[in-house]
Amino acid sequence: MTAPNLSEILVQTLEQAIDGVVVIDSDNRIILFNRAAEQLWGLGRDEVLGHNVRTLMPPEFRERHDSYIEANRCTGVNRIIGGSLDVPILRADGERRWGSMSISKIQAEGQIIYAAFVKDVTRQYEESAKLNLLSLVVDHTDHAVLITDMEWRTTYVNAGFCRLFGYAQEELIGRTPIAMVAPYFSAARIEEVRRQLTEGKSYHAEEVACTKDGKRIWCKSATNPVFDASGQLTGTVTLLTDITQVKIHEVLQSCMLQAMIQEEPLEKVMELACREVENFAPEVLASVLRVDEEGHVHPLAAPSLPESYSRALDGVPIGPNSGSCGTAAYLGEPVLCSDIEHDPRWADYKHLALPLGLRACWSVPIKSSTGRVLGTFAFYYREPCSPSPLHERLVEVSVHLCALALEREESRSHIRQLAYYDSLTGLPNRSLLHIRAEEALAEVARQEDSLAVLFIDVDRFKQVNDSLGLTAGDELLRVIAERLGRWRQHSDIVSRMSVDEFVLVLPYCGSEQITEKVEQVKSLLTAPVSIAGTLFKPSISIGISLYPGDGQDITSLIHRADMAMSQAKQAERGGFRFYSPELNSIAQERLALENALREALTDGSLQLYYQPQVCLDDGRLYGLEALARWHHPVLGDISPVRFIPLAEDCGLIGGLGLWALREACRQLAEWRRNGLEVPTVAVNLSPTNFHNLELPAFIEQVLTSHGLQPGDLTLEITESVLMDSNPGTLETLHAVHEQGVRLSMDDFGTGYSSLSYLRRLPIQELKLDRSFVLDLEHDATNRALSEAVIRLGESLDLTVVAEGIESEAQHRLLAEQGYHVVQGYLFARPLAAPDLAAWLRARRQD
């Protein structure tokens, strides 16, 4: 057997190599392609042998290879012999791999060949690429990455960490990171964090960290432990994210909104804002000023500035040279004075700032949602400088929240004004009066002292409105309020209770001083004043109650002073009265009577009595006047003189009139069905009834329902209707007249008696008041007046009815003067309906 020669041995060796082997001749043709190469390229040797080596290269590298060979024609591949080169490999199935190639030059049998040994390094290449990419990402991210060893010392920090904290890498390697960025951590806390990591737990937190230059930033940290195969802790990896911008908004918003929800005072809210800002930026001193409607500033918060400095700024007017804050408020835009000492805008105020070490000030206006300047938010600096981006963010967030707080305070003030103050006079209203008066009463009680309550009513205020107009009435009330406000002492309370009523609460005022105080108030309030171009002298009535004798609480004292005032008005307008228990008894009785009257209107205990009116010439029945009567099962008979004024005072008079109208018409219809001839029935209505524009429709419905005609009904009104200012009164009177219902003027001669009004009103009848008839036979004046009334009636073509005829002498004199219709006890008293029916039947038989 012939021993193989050296070439054969070499070929067999290359064929069995674990790495791919590609041998090329001097013309770059492939002359050997081993099994490892076939597997690496995915090609059979019969597909590549004899071909140019460039066929093994990816298309994008072939042109580069040709250029390379051409450029190095003299030396060829000799340039890389003995070295290594990473080359891309594109397999036949399209998969891309990487190979580490080394080339050897071989001389054999007079020829020079080249053997390329290619090792598959695809996996290593890909891992290296990943590591390179990861390193690139880590070093270019804004997040800070920190790696420590098992001794908690820094082994790696990325570029982001250096940018965030201001340290160079060499300053951190080998040092404990907590001591660098969180020096405030206690030993116990550090130990707890390390124990948690050693146990395999991650540590997550939001912490305040310190940069190299001392600034504090908020970081979100996530630290994860790293263990070896045996479970031993080998180090930690920490990711730190700067969340200062987010945290600024979160912390400031949380603390300020929470304070507002808890109804903290505005000053407390602003102080919280300043302190939180200074926590983020210890190098600044924060300040908040409020700007009032007159354009003056008032300090709200400046916790790090001396109180004397804030007091010096209180009330300073805004303007173009009013320091940083006054100028910012004036211009409505931020103002930076980076050097207070030399800035002309601080010329008048630098003597306040420089001694305190304040060298720069940046102020931003706080504006409402409508753009109005509400105040300023300012940063003071101890060195001439400008705001940093952190400062700008702090102010951006703070100004928004301060605007919210200031607008909320304005809204609350407006609501308080509406809720507790009278809009016309600006005085405390009833609600605030009770709050303040209860406080004053409690203080007086603790000191066992006295207190007086004055209830003041403006006399004839309605006449001022009627004669001079509502604007004049409002002006008078403002004058009264202004005078009372000017007179009051510091502890006194002045309030407007209702339209023309005021209350004075005078602490520490007893029976010894009260009379003098009342005289002072009367003299003050009754001084002449020009109202609507007219000189007017007000008149007031005053009621007084005293603590502790007249009551133990403010509600009782005000109520009893009101009762005393009412007594003063009834006795003599312009006077004053003290409360007495007798007044309370009268008030209680009146309240009981009012309640009983309300019940009487619904339970049928009210009745109508009827008084006949007769013709003087032949004694015929002219008509009936319906008169209300009230018999209470407990109180007995109650006179109309008593319950009619009560009905007027408590608002029942309108309902009483409508009840009388319905009942009179029902009774008239019943009499007629029973064959009794009653020409007409007269019902008394108050001016209040004529305020109702629906009265004509009501009358029509009542008449129709009982089968009556408008002429069957007469409505009696008093002269007070002439003074009624309600615009609907005359309209209603004319509408009733146009229906055909007769109108009669009752009690003529005792009231306003304006002939011009008589001419305007649709009156068909006058009733001579009984006061003119009472002493007719002995009093020449009364005879002259009754004569004048009948002549007036004749001239106006009005029927005149004389009331209160009780004697034949009165009967005769009235007949001689020409009266045609009379009524009175001489003919019949007011009778209940059954008695009146009997009276009518008796007359018919006669």
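What this report covers is the structure whose coordinates are included nearby.

About the thresholds
Residues numbered from 1 in each chain as written. Predicted model: local features only at pLDDT ≥ 70, side-chain atom pairs only at ≥ 80, totals over all residues. Heavy atoms only, no water. Salt bridge = Lys/Arg side-chain N within 4 Å of Asp/Glu carboxyl O. Buried < 20%, exposed > 50% of the residue type's maximum accessible area, 1.4 Å probe, protein only. Helix = DSSP H or I, 4+ residues; strand = E, 2+ residues; numbered from the N terminus. Contact = heavy atoms within 4.5 Å. Pairing = 2+ DSSP bridges. Axes fitted to C-alpha atoms, helices over the stretch in contact; angles between N-to-C directions. Core = buried A, V, L, I, M, F, W, Y, C linked by side-chain atoms within 4.5 Å. Phe/Tyr/Trp six-rings, centres within 6.5 Å; stacked < 30°, edge-to-face > 60°. Lys NZ or Arg CZ within 6 Å of the ring centre and 35° of its normal. Parallel < 35°, antiparallel > 145°, perpendicular 65-115°, else oblique. Nonpolar A, V, L, I, M, F, W, Y, C, P; charged D, E, K, R; others polar. Polar contact = N/O pair within 3.5 Å; in protein donor to acceptor, adjacent residues only side chain to side chain.

1. Side note on the pattern of salt bridges
For the structure on display, the rule yields 35 salt bridges. The residue Arg153 makes a salt bridge to Asp149 at a minimum N-O spacing of 3.8 Å. Of the charged contacts in the structure, one is a salt bridge between Arg195 and Glu199, with a shortest N-O distance of 2.6 Å. Judged by its relative accessible area of 45%, Glu199 is partly exposed. Taken together, the shared-partner salt bridges connect Arg91, Asp93, Glu95, Arg97 and Asp120 into one network.

2. What about helix α12 (residues 323-331)?
Most of α12 sits out of view: 7 of its 9 residues are buried. Taken as a whole, α12 has its buried residues at Gly323, Ser324, Cys325, Gly326, Thr327, Ala328 and Ala329.

3. With respect to the side chain of Asn782
Tracing the backbone shows Asn782 in helix α27 (residues 780-795). With a relative accessible area of 12%, Asn782 lands in the buried category. Setting aside residues up to four positions removed in sequence, Asn782 forms contacts with Ser771, Phe772, Asp775 and Leu776.

4. Focus on the sheet that holds strand β13 (residues 335-337)
What the 5 strands build is an open sheet, ordered β12-β11-β15-β14-β13; its pairing is antiparallel. In this open sheet, the two edge strands, each paired with only one partner strand, are β12 (297-301) and β13. This sheet shows a mean twist of 25° between the axes of neighbouring strands, independent of strand direction. Pairing of strand β11 (residues 285-291) with β12, which is carried by 4 bridges, proceeds in the antiparallel orientation. Note on β12: the bridge partner recorded for Val288 is Ala301.

5. Things to note about the nonpolar core
In this structure, Tyr610 and Leu715 are the most contacted members of the largest nonpolar core, which totals 76 residues. If one sorts the elements of this core by residue count, helix α22 (residues 653-673) sits on top with 11 residues. Residues Trp218, Leu390, Val395 and Val399 belong to the second largest nonpolar core, which totals 40 residues.

6. Comments concerning the packing of aromatic side chains
If you walk through the whole model with that rule in mind, you get 10 aromatic pairs. A ring pair is formed by Phe576 and Phe578, whose centres lie 6.2 Å apart and whose planes are at 80°; its orientation type is edge-to-face. Judged by centre distance (4.9 Å) and plane angle (75°), the ring pair of Tyr610 and Trp671 falls under edge-to-face. Taken together, the positions of Tyr610 in strand β23 (residues 606-615) and Trp671 in helix α22 put the pair 61 residues apart, joining distant regions of the chain. Three or more aromatic residues joined by ring pairs form one cluster here, namely Tyr309, Trp346 and Tyr380. We note Arg189 situated over the ring of Phe185; from NZ or CZ to the ring centre the distance is 4.0 Å. The side chain of Arg829 reaches across the aromatic face of Tyr825, ending 3.9 Å from its centre.

7. With respect to unusual backbone geometry
The peptide bond linking Tyr547 to Pro548 adopts the cis configuration, its omega dihedral lying at 10°. With respect to the helices and strands, Pro548 occurs in the loop between β21 (540-547) and α19 (554-571). Despite not being glycine, Glu448 shows a phi value in the positive range, around 55°. For Glu448, the position within the fold is in the loop between α15 (430-446) and β16 (451-458). For Asp797, which is not a glycine, the phi torsion comes out positive at approximately 60°.

8. Here's the deal with the pairing of strand β1 (residues 20-24)
Of all 5 residues in β1, 5 are buried; the element is thus mostly enclosed. Side chains Gly20, Val22 and Ile24 project from β1 onto one buried face, and the interleaved Val21 and Val23 project onto a second face that is buried too. Here 5 bridges tie β1 to strand β5 (residues 111-120), and the two strands are oriented antiparallel to one another. Bridged to Val22 within β5 is Ala116. Relative to strand β2 (residues 30-33), β1 is paired through 3 bridges, and the arrangement is antiparallel. If you follow Ile24 over to β2, its bridge partner there is Ile30. Between β1 and β2, which pair antiparallel in sequence order, lie 5 residues; one of them, Asn28, sits at a positive phi of approximately 70°.

9. Quick word on the packing of α15 against α19
Across the interface, α15 lies against α19 with an axial gap of 9 Å and an inter-helix angle of 110°. As far as their axial angle goes, α19 and α15 are roughly perpendicular. Counted together, Leu433, His434, Ala437, Glu438 and Leu441 of α15 and Ile554, Thr555, Leu557 and Ile558 of α19 form the full contact between these two elements. For the contact of α15 with α19, the per-class residue count stands at 6 nonpolar, 2 polar and 1 charged.

10. Structural notes on the side chain of Thr238
Along the chain, the position of Thr238 falls in strand β10 (residues 233-242). The class of Thr238 is buried, set by a relative accessible area of 7%. Within the structure, the side chain of Thr238 is placed 2.9 Å from the side chain of Thr223, a separation counted as a polar contact.

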